[in-house]
Amino acid sequence: MATHSTAIKGVTERATYTGLMGWITTVDHKRIGILYGCTAMFFFLVGGLEATVVRMQLYSPGMDLVSPGMYNSLFTMHALTMIFLAIMPLGAAFFNFIIPLQIGARDVAFPRLNAFSYWVFLFGALILNGGWLFNTLPNVGWFAYAPLTATEYSGAGTDFFICGLQVLGVSSLAAACNFIVTILNMRAPGMTLMRMPVFTWMTLIISLLLVFAFPVLTVGLIELMFMRFYEMPFFNSNQGGDPILWQHLFWIFGHPEVYILILPAMGIISDIIPTFARKPLFGYGFVVGSGVAIAFLSFAVWAHHMFTTGLSALAVSVFSGATMLIAIPTGVKVLNWMATLWGGSLDLRTPMLWSIGFIATFVVGGLSGVMHASPPVDTQQQDTYFIVAHIHYVLFGGSIMGIFAGIYYWFPKVTGRMMNETLGKWHFWLSFIGMNVTFGPMHIVGILGMPRRIYTYPSGMGWDFLNQIETIGVFIIIAGMLFFLQNAFRSWKNGEIAGDDPWDGRTLEWTIPSPPPEYNFATIPVVHSREPLWDSKHPELGDHLPSVTGASDDVDTESIHMPNASYWPAITAIGVGLGAALLMVNPILSISGVIISIVGVYAWSFEPAAPEGH
Amino acid sequence: MVSSKRSVLVVLLGILLATFTFACGNSETIPLHTMDPKSDVTRDIQGLYIILFWAATAVFFAVMIGLVYITFKFKRKPTDSMPPQTHGNRPLEILWTILPSVILIVILIPTWQVIYKTANAPEGSMQITVTGNQWWWEIEYPELGVKTSNEVHVPIDVPVEVTLLSNDVIHAFWVPQITGKKDMVPGLENKIWFTAEQLGTYYGVCVEFCGDSHANMKFELIVDSAEDFEAWKTNELAKAIEPEGLAAEGMEIFNSKGCGGCHTIEGNPYALGIQAPILTHIGSRNKIAAGMLENNANDIANWIRNPEETKPGNLMTANGVMYNDNNYALSENDIQALVAYIQSLK
Amino acid sequence: MQDIEVEHQESTDHANTLGVDMRKFLMWVFLGSDCLFFGAFIATYLLYRNSSIVGPYPHEILDIPVTSASTFILLTSSLAMVLSLAAFQRGNTSAARFWLFATAFLGSTFLGFQVFEFYHFAHEGLTPKTNLFGATFFTLTGFHGAHVALGVIWLFSLLGVSYTRGIPPEKSMNVELAGLYWHFVDIVWVVIFTVIYLLSSLPPSS
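Residues numbered from 1 in each chain as written. Chains lettered and ligands numbered in written order. Predicted model: local features only at pLDDT ≥ 70, side-chain atom pairs only at ≥ 80, totals over all residues.

**A closer look at the overall build of chain B**
In step 1: For chain B, the helix and strand inventory stands at ten helices and twelve strands.
In step 2: A globule of 346 residues ought to have a C-alpha radius of gyration of about 20 Å, yet chain B, at 28 Å, is considerably larger.
In step 3: Projecting the C-alpha coordinates of chain B onto the three principal axes gives extents of approximately 95 × 50 × 35 Å.
In step 4: Out of the 346 residues in chain B, the part that is buried amounts to 41%.
In step 5: Restricting to contacts in chain B with at least 6 residues of sequence separation, those with at least 24 account for 66%. (Helix = DSSP H or I, 4+ residues; strand = E, 2+ residues; numbered from the N terminus. Rg over C-alpha atoms; globule rule 2.2 N^0.38 Å. Buried ≥ 20, exposed ≤ 12 C-beta atoms within 10 Å, placed from the backbone. Contact = placed C-beta atoms within 7 Å.)

Right, dumping it as structure tokens:
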């Protein structure tokens, strides 16, 4: 174990640590990916428990399981947890682990910035959940419409919401900038943009969305914070402020955010389906192009969340048209996935089941989305359970299904071991049936007029039976999750050894050992086609040159430069988290956090990124 | 293989059937049903709804049947050789870019028609102003001089324009059978309009999350015949009835506990407050506590005894002296007297 | 394989896919993001331009001649920044240090003007709490000022580094990054100056 000081003196030895310090100081994208994945999976379970309590409260009319205030906190925290602490970081886990492997790189562009992103995410997650300690959770909905967030109407929970999201924003922004540079600038020789795997493409698009969408939320949160802390009249209608401005700022971020949540899943299944169908993705260019089109359109449709706020008829018409346009690229994607399946040789193993399940449930979410893209119809659906059904078909039936597809697909690469197929199939079928039982009846109960975000309802509204079914569905999903947890823990240590390429893969990540060595590629591959591994395995198929992939035998891996481990990213992140947390107590105190961050940034700037002397 | 395909189809049809069975209930049994229009505006929305529903259903079945068929047909068999490595097909791509566009245009044209048709109220519509408060509704008929709370009366077949305001946070006004949702935003004047086409009592709720008791903010919209509406209006314009007996005792208690600091009762000089529902003719309303409780002696007594149970976070519990100072606490006799007073306010 | 072997290490100038320095690329992406940050504040300002229900109003209190002077100073600092970077790239250390100091000094002077302006406004009765104009004005110019302050700290840090470790031409990217940031902050000021100060001389629309 070399210490940090040896590296400082310019000795060529590399700074590394072992054990817990090894995880804290790691700058290895694969270990950071695992940190993201495990943290996010923990919060996924937390968010799931919150949802379970919510559903149990709604099991029958007039239930008294939790207080109204607690119920409001639970649905707020469920949304915040699932969006910011589960689905986004699960996506980030894949970006971290997989992207460098798919583009043939040894790490991301800025390994220490990458570590910083993770630690800031962790502290943001802790701040957002800090309300549990003080019994003042956010209870204004994840959308936090002003003026309900003003100090007159909501307590300190809103401060945890503001400070937690600001910190998470720093993390997302740093990670997104890092991945844009990594993907555009660190591709292996020959990997042109149109040879990138679709998952890499979608990650690039998501990163661009984050870079341009998140600052708008940051500004909204700053204004909200200044209104709460310093009585500035931003959204205060008594002083001429406009509460609708918050909604504009929030949804200009919030709608791209929806695509930030769904596009990773689309990328994942675009990689899985060709592998298990043994044929290339149908219409690669159109699938990528649709992703780009969705990203562009996502900035032009935010007001469809605001059809009932009193926008002009013209604005409503324009935004409904733009919203419906999104159905076109989405439809193109679905049809291309189906065309990829057509004529293939479909191996229905667990990752493939999740991918086909994704198509089935995501289509339902897409279609209900088109229904309330029509503003008059939206006035009868908005804020009813119909919308709850829609978002869960998109986020559970879409994002989560895609993420589980990805977990089963890449688990062998991450751990070197296969997950158990039987348990995996139990997990899939229980989740698939459970989610349809839970969220399917919500369409109907919404049409029967049940509003969202109500902690209780009387009997005699025609909702009782359907709510019971929905609550039972949750327990089917939980049963599925138990199979997953059992499978993951067991397979991590004792699963069948996977080997480099267990699925007969097509892209670069399957050319290297599982789990990959720290340097990933002993020699950087040269890419001649879109599916380099597949083409090198089947030279008879095409006129492509087979791709050169790493022949590691004749390479001295000791000579590969890898970056130094560093604890400064974690310390800088502590500064950011502390600064934001203390802001809730007293702005003067939060200067201490700023000072820690500044010290961290200076030390970071002056320490060598890699061993010197080479 | 064939039988499993058929069973998937049966399940899908079953789902559709179940959806229909549930969706075709009526307002007698399902008070907030969104597909049971009783006004011109909701009828127009319903027409659009049906187009969208069938378009979505058609696409749903096309995709599901296709997906199930493909999955079974191309499932890997041991004899499979390498499938043909097709990379795409440009005419096909163009076809399925255009196809959804056509469907969308079919949806978009009637959508825009309905948006513009329902945008502005006809000239000379009857005016109502509804103001949202945490968690009750203030209702004013500026042309008629009527002010009331939590119960909207409209005459049948008369276009009505409702101006929506809010005194605190954002609420939303929604009576699914009569009018679609519209937000009530502090500092903004939103408007909706409708012409009710069938007599009856319709349910309305707040459908924008507005705090602790968002679930407990309801009202009734009653469509009256022209004569009934006239009679209602005449009664509302009158001052409150002078109470007698136990009710008069109730008024004493009402006044001595400072209830009038927040509530208005026309004719009671000590009841001029504007922060709480107007009670002038509360005895004639169907419900109390913003659509939460029945207007009978038992429910009124329960409400006065412990408002927090019905409406957590309400201002009456927070500000009412009888709930915060033991010296002013209400005895059971006080409550019965107050009930008598409230019931007398016909 | 030689050109494949050399790749990516942070803070090195190795070849890469697009041939753009990694850190420079990162800075560009960050600045793109920052555009949206200022864009949202500017949008808020414009939306609330005529919404204040009590004074002081923009046309009563903004002093265009004084702010024109400070704008001129900030823009001059951009010129000094260019000259400093050019000197670093040539290896002319003393000129480089002079211009680097000039940039930081002019930036500090701009901040001085801003502090003076804020005090003056507070004295005239305009604080962030007073009205919407106050809230939007102080947040927009305040966050710009914070960007300038950060830039000044960065420039002085570089000056310190040039004395201790030295900044040879092959490490001039360290200065170029600060320069990119600095020019961006100046350009943002031009937009803010137009939106807040120059527009205030127009009669308020109804």
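Read on, since the account is not over.
**Looking at the overall build of chain A**
In step 1: A tally of helices and strands in chain A yields 20 helices and zero strands.
In step 2: At 24 Å, chain A has a C-alpha radius of gyration in line with the 25 Å of a compact globule built from 614 residues.
In step 3: Taken over the C-alpha atoms alone, chain A extends approximately 75 × 65 × 45 Å along its principal axes.
In step 4: Taking the contacts inside chain A whose residues are at least 6 apart along the sequence as the reference set, 80% of them involve residues at least 24 apart.

**A look at the nonpolar core**
In step 1: Grouped together as the largest cluster of nonpolar side chains are 349 residues, with contacts concentrated most on Val120(A), Ile180(A) and Ala405(A).
In step 2: With 22 residues, the single largest contributor to this core is helix α4 (residues 68–103) of chain A. (Core = buried A, V, L, I, M, F, W, Y, C linked by C-beta atoms within 7 Å.)

**Some remarks on the packing of helix α2 (residues 22–47) of chain C against helix α7 (residues 173–200) of chain C**
All names here are of chain C.
In step 1: Between α2 and α7, whose axes approach to 11 Å, the crossing angle comes to 15 degrees. Accordingly, the angle class assigned to the pair α2 and α7 is roughly parallel. The two elements α2 and α7 cross, and the hand of that crossing is right-handed. Facing α2, whose interface residues are Arg23, Lys24, Met27, Leu31, Asp34, Phe38, Ile42, Tyr45 and Leu46, α7 presents Met173, Glu176, Leu177, Leu180, Tyr181, Phe184, Val188, Val191, Val195 and Ile196. (Axes fitted to C-alpha atoms, helices over the stretch in contact; angles between N-to-C directions. Parallel < 35°, antiparallel > 145°, perpendicular 65-115°, else oblique. Left-handed = near helix turned anticlockwise from the far one by under 90°.)

**What about unusual backbone geometry?**
In step 1: Ser514(A) connects to Pro515(A) through a cis peptide bond whose omega is -15 degrees.
In step 2: Residue placement: Pro515(A) occurs in the loop between α17 (464–494) and α18 (532–537).
In step 3: The backbone phi angle of Glu231(A) is positive, close to 60 degrees, even though this residue is not glycine.
In step 4: For Glu231(A), the location among the structural elements is in the loop between α8 (198–230) and α9 (243–277).
In step 5: Within the chain, Asp157(B) stands out as a residue other than glycine whose phi angle is a positive 65 degrees.

**Side note on the arrangement of the chains**
In step 1: Of all two pairs of chains that touch, the greatest number of contacts is found between chains A and B.
In step 2: Left apart from each other, chain B and chain C have a closest C-alpha approach of 12 Å.

**Some remarks on the interface of chain A and chain B**
It is common to give the size of an interface as the accessible area lost on bringing the parts into contact.
In step 1: If you look at the interface, chain A gives 72 residues, while chain B gives 76 residues.
In step 2: For the side of chain A that touches chain B, the secondary structure elements donating two or more residues are α4, α9, α10 (284–298), α11 (313–325), α12 (327–341), α13 (350–372), α14 (375–381) and α16 (421–447) of chain A.
In step 3: Class assignment of the residues belonging to the side of chain A that touches chain B gives a composition of 44 nonpolar, 22 polar and six charged. (Nonpolar A, V, L, I, M, F, W, Y, C, P; charged D, E, K, R; others polar.)

**Quick notes on the domain arrangement of chain B**
Residues and elements named next belong to chain B.
In step 1: When its domains are assigned, chain B resolves into domain 1 (2–73 + 91–117), domain 2 (126–236) and domain 3 (246–344).
In step 2: Between the C-alpha centres of domain 2 and domain 3 the distance comes to 22 Å.
In step 3: With 19 residues of domain 2 at the contact, the number on the domain 3 side is 15 residues.
In step 4: Sorting the residues of the side of domain 2 that touches domain 3 by element identifies β2 (136–141), β3 (146–149), β10 (218–224) and α4 (226–237) as the ones contributing at least two each.
In step 5: A breakdown of the residues in the side of domain 2 that touches domain 3 according to their chemical character gives five nonpolar, eight polar and six charged. (Domains from an automatic or database assignment.)

**Describing the sheet that holds β3(B)**
Residues and elements named next belong to chain B.
In step 1: If you trace the five strands from one edge of the open sheet to the other, you get β3-β2-β1-β5-β8, paired in mixed fashion. Here the strands that pair on one side only, and so sit at the sheet edges, are β3 and β8 (190–195). Between one strand axis and the next, the sheet turns through 20 degrees on average, direction left out of account.
In step 2: Sheet analysis places β2 next to β3, joined by four bridges and oriented antiparallel. Looking across to β3, one finds that Tyr141 is bridged to Val146. (Pairing = 2+ DSSP bridges.)

**A word on the interface of chain A and chain C**
In step 1: Counting residues at the interface gives 42 residues for chain A, matched by 34 residues for chain C.
In step 2: Top contributing element to the side of chain A that touches chain C by residue count: α8(A), with ten residues.
In step 3: Broken down by class, the residue content of the side of chain A that touches chain C amounts to 29 nonpolar, seven polar and six charged.

**Overview of the packing of α4(A) against helix α7 (residues 157–185) of chain A**
Residue and element names in this part refer to chain A.
In step 1: Viewed as axis vectors pointing N to C, α4 and α7 meet at an angle of 15 degrees, and their least axial separation amounts to 12 Å. By the criterion of interaxial angle, the relationship of α4 to α7 is roughly parallel. In this structure, α4 meets α7 at a crossing whose hand is left-handed. Contacts between α4 and α7 involve Ser73, Phe84, Ala92, Phe95, Ile99, Pro100 and Ile103 on the former and, on the latter, Gly157, Leu168, Ala175, Phe179, Thr182 and Ile183.
In step 2: Looking at the contact of α4 with α7 residue by residue, the classes come out as ten nonpolar, three polar and no charged.

**Some details on the sheet that holds strand β7 (residues 179–184) of chain B**
Residues and elements named next belong to chain B.
In step 1: A sheet is described by the order of its strands in space; here five strands give the open sequence β4-β10-β9-β6-β7, paired in mixed fashion. Each of the sheet's edge strands pairs with one partner strand only, and the pair in question is β4 (151–155) and β7. When strand polarity is set aside, the average angle formed by the axes of neighbouring strands in this sheet is 20 degrees.
In step 2: Note that strand β9 (residues 200–206) and β10 share six bridges and pair antiparallel. Bridge pairing in β10 links Thr201 to Ile222.

**Concerning the confidence of the model for chain B**
In step 1: In this model, chain B carries a mean pLDDT of 91, and residues with pLDDT of at least 70 account for 95%.
In step 2: With a pTM of 0.93, the predicted complex shows an ipTM of 0.93. (pLDDT = per-residue confidence, 0-100.)

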